[in-house]
Amino acid sequence: MSPLHTKPEMRRPIMKICVLGDSAEQRAEVIGVLRAIADPKMEIAETAVPDSGSMLDGKLVGNGTAPPDALMILLTLDDEAPFTFLHRIAVSAQRPALIALMPENAPTDLLRRAVRSGADEVLFSPLNRDDLTRAIIKTTEAKYQAARRRGGIVLSVSSLTGGIGVSSVSINLALALGVSLGRKVALVDLDLQNGTLATNLNVATDHSILSVVEGDRSPDSLKVEAALTRHGSGIYLLAAPRRIEDSELVSDTAVAMTLELMRAMFDVVIVDTGNHLAEQTVVAWEESDQLLYLVDQSIASTQRAVRFNELFTRLQLGSVVLRLILNRHVPGYPITAEHIAQALSRPICARLPRDDKAMERVELSGKDLWRVAPGSPLARGFEDLARLLVEPASASAPRSTTAMSRMVSAFISRRRGVADEAH
Ligand SMILES: Nc1ncnc2c1ncn2[C@@H]1O[C@H](COP(=O)(O)OP(=O)(O)O)[C@@H](O)[C@H]1O
Ligand SMILES: [Mg+2]
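Along each chain, residues carry numbers from 1 onward, in the same order as the chain's sequence is written. Starting at A for chains and at 1 for ligands, labels are handed out in the order in which the entities are written. In keeping with the predicted nature of the model, local features appear solely for residues at pLDDT of at least 70, side-chain atom pairs appear and are counted solely at 80 or more, and the whole-chain, interface and lining totals rest on all residues.

Now for the sheet that holds strand 12 (residues 321-329). A strand pair is defined by DSSP finding two or more bridges across the two strands. Numbering of helices and strands starts at the N terminus; helices are DSSP runs of H or I of at least 4 residues and strands are runs of E of at least 2. Reading across the sheet, the eight strands line up as 8-9-7-10-6-11-12-13 and stay open at both edges, with mixed pairing between neighbours. Each edge of the open sheet carries a strand with a single partner, namely strand 8 (229-230) and strand 13 (348-353). Examined bridge by bridge, strand 6 (residues 153-158) and strand 11 (residues 290-295) share four bridges and lie parallel to one another. For leucine 155, the partnering residue across the bridge sits in strand 11 and is glutamine 290. Most of the contacts of helix 5 (residues 166-180) go to strand 10 (residues 268-272), to which it runs at about 170°, and overall it touches strand 6, strand 7 (185-189), strand 10, strand 11, strand 12 and strand 13. Contact between two residues is assigned when their C-beta atoms, built from the backbone, lie within 7 Å. Between N-to-C directions, angles cover 0 to 180 degrees, with each direction set by a line fitted to C-alpha atoms, over the stretch in contact for helices.

Have a look at this one:
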């Protein structure tokens, strides 16, 4: 099935869950409830509470390779060992999500100790399948998102309107971030069939994304490094394949792996995803922290943006922030930024002015915007946008789960359990 028709969560890895507790009977009860959950898909292992050594290896899940994504620990009134274990895992560097399971009538003190020992969620016996599903999704999803965010940020630039400025915006944003803000930046040309970034940047490329994805070995950082071309400004380019037909060799899985590797190597990775839909485009969007969609002051581009907006909703790219950028903005034109924002029910995040003269000089001279028109409204527009994208207001930063909020959610799930029983 193509990624266009595959929901992102369908490509989530199978969750590895390990149930820990000294009572085999209680473990079996929990596993019975876990097995009745169809989504997320889970690989379940069980063990008694280990008393020493490193507990985060693959042995807990039986495959000997990866540590579990979540640990479910059975806590009892009279046994200290599970609390000690919980605490040790909670303070370890690569901790799994921790879900504590408490006896039915556990006193508040025990709940407090579980939270203080580091449990992300606390559930009570008898286990309710819906509560358990919710707890697993909540804890493992938060962990998955945090892991994705390790390293730099990935920004995709897209539009369904051709010639609107996707490549120009990708390049100038990269230059603003690299030259003006001093970030380590890479550009990826995922408009595989057009592949204009190397020409636009006026660089000769020996390699392209093809060198990363071809061969028997899957992409790794050495391959990526060897495939990059350095631009005079200090930014890097991962070019599109030289031959149009080779774009077919770049699979969506390879694109996802390449972007993840590049996220770890750079502060910012900017992906030109071109002006049409392709499987690789959708994967790039999915890997992105922010998707910059370009519109101009035309009815046609606004209509396409409405269609794109609907697609974006259908694809359920939940954690990807969609930002509308108005390019070639001309103040006083009858179709205003407000009209476009209204039609799309989304705010316009930035307006980049139309500057035909500067862009023409860029194209004819082979020099970049900061060399031909430093300090111009267009160059400043890119610098402002660059700052907005990488230095978001603190209010939009993700909030961490505090012990207090975990406690509140534990109380809520406990009360829900009581209410369910009453019915
Ligand atoms: N803000 C702007 N002002 C004036 N011309 C622009 C602006 N942005 C892009 N252009 C010009 O529009 C043309 C198409 O841009 P390009 O980036 O190649 O579009 P796309 O990648 O969407 O096909 C280029 O000639 C470029 O110089
Ligand atoms: Mg282009």
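That covers the picture; the talk isn't over yet.
Packing of helix 11 (residues 299-315) against helix 12 (residues 337-344) leaves a shortest axis separation of 9 Å and a crossing angle of 30°. Put simply, helix 11 runs roughly parallel to helix 12. Relative to helix 12, the crossing made by helix 11 is right-handed. From helix 11, Thr302, Ala305, Val306 and Asn309 reach across to helix 12, where they touch Ile340, Ala343 and Leu344. Just so you know the grouping, Ala, Val, Leu, Ile, Met, Phe, Trp, Tyr, Cys and Pro go in nonpolar, Asp, Glu, Lys and Arg go in charged, and all remaining residues, Gly too, go in polar. Across the contact of helix 11 with helix 12, the residue classes break down as five nonpolar, two polar and no charged. Orientation categories follow fixed angle ranges, with anything under 35 degrees roughly parallel, anything over 145 roughly antiparallel, 65 to 115 roughly perpendicular, and all other angles oblique. Working rule for handedness: look at the near helix, and if it is turned counterclockwise from the far one by less than a right angle, call the crossing left-handed; if clockwise, right-handed.

Attention now goes to unusual backbone geometry. Proline 126 follows serine 125 through a cis peptide bond whose omega is -5°. For proline 126, the location among the structural elements is in the loop between strand 5 (121-124) and helix 4 (129-148). Positive phi is not limited to glycine here, since arginine 328 has a value of about 55°. Counting through the fold element by element, arginine 328 comes out in strand 12. Not every positive phi belongs to a glycine, and serine 345 is a case in point at roughly 50°. Residues with at least 20 neighbouring C-beta atoms inside 10 Å of their own are called buried, those with 12 or fewer are called exposed, and the rest are partly exposed, where every C-beta is derived from the backbone. Look at serine 345 and you get exposed, because 8 C-beta atoms sit within 10 Å.

Moving on: the sheet that holds strand 4 (residues 97-102). Spatially, 2-1-3-4-5 is the arrangement adopted by the five strands of the open sheet, whose pairing is parallel. Since the sheet does not close on itself, it has two edges, and those belong to strand 2 (42-47) and strand 5, each with one partner. Looking at each pair of strands side by side, their axes are set apart by 20° on average, direction ignored. Pairing between strand 1 (residues 15-20) and strand 2: six bridges, direction parallel. Paired with lysine 16 across the two strands is glutamate 43, which belongs to strand 2. Helix-sheet contacts for helix 1 (residues 24-35) involve strand 1, strand 2, strand 3 (70-74) and strand 4, and the interaxial angle to strand 2 is about 175°. Helix-sheet contacts for helix 3 (residues 108-116) involve strand 4 and strand 5, and the interaxial angle to strand 4 is about 165°.

Let us look at the site of ligand 1. With respect to spatial proximity, 18 residues lie near ligand 1, and among them Gly165, Val166, Ser167, Ser168 and Met359 are the closest. Contributing elements (two or more residues each) for the shell around ligand 1: helix 5, strand 12 and helix 13 (356-365). Per-class residue counts for the shell around ligand 1 are five nonpolar, eight polar and five charged. We count a residue as near a molecule or strand when its backbone-placed C-beta atom lies within 6 Å of that partner.

This next bit is on the nonpolar core. By size, the foremost hydrophobic cluster in this structure holds 71 residues, and its most contacted members are Ala186, Val269, Ile270 and Tyr293. The dominant element in this core, judged by the number of residues it contributes, is helix 5, at nine residues. When neighbours within four sequence positions are excluded, valine 269 is seen to be in contact with Gly152, Val154, Ala186, Val188, Leu259, Met262 and Arg263. Met15, Ala106, Val122 and Leu123 belong to the second-largest nonpolar core, a separate cluster that totals 33 residues. Core membership is restricted to buried Ala, Val, Leu, Ile, Met, Phe, Trp, Tyr and Cys residues, and these are joined into a nonpolar core through C-beta atoms within 7 Å.

With that settled, the discussion passes to the packing of helix 5 against helix 15 (residues 377-390). Where helix 5 contacts helix 15, the axes come no closer than 9 Å and their chain directions differ by 75°. The angle between helix 5 and helix 15 places the two elements in the roughly perpendicular class. Every residue of helix 15 that contacts helix 5 at Asn172, Leu173, Ala176, Leu177 and Ser180 is listed here: Phe382, Glu383, Leu385, Ala386 and Val390. Residues belonging to the contact of helix 5 with helix 15 are distributed by class as follows: seven nonpolar, two polar and one charged.

The next subject is helix 2 (residues 81-90). A turn of α-helix holds 3.6 residues, and therefore any two residues three or four places apart point the same way. Taken as a whole, helix 2 has its buried residues at Pro82, Phe83, Leu86 and Ile89. The buried residues of helix 2 all sit within an arc of 130° when viewed along its axis, so they share a single face. Taken together, the buried residues of helix 2 touch strand 3, strand 4 and helix 3. Throughout, the arc means that of the directions going from the helix axis to the C-beta atoms.

Of the pairings in the sheet, the one linking strand 12 to strand 13 comprises four bridges and is parallel in character. Bridge pairing links isoleucine 325 to alanine 350 in strand 13. The β-α-β motif built from strand 12, the intervening helix 12 and the parallel element strand 13 has right-handed crossover chirality. Look down the strands so they point away from you; if going from the first strand over the helix to the second traces a clockwise path, that crossover is right-handed.

Quick look at helix 9 (residues 252-265) now. By definition here, a helix of n residues has an expected span of 1.5 Å times n minus one. With 14 residues, helix 9 extends 20 Å from end C-alpha to end C-alpha; this agrees with the ideal 20 Å at 1.5 Å per step. Along helix 9, the positions that sit buried rather than exposed are Asp252, Val255, Thr258, Leu259, Leu261, Met262 and Arg263. At its buried positions, helix 9 is contacted by strand 6, strand 7, helix 7 (209-213), helix 8 (221-227), strand 10 and helix 10 (279-287).

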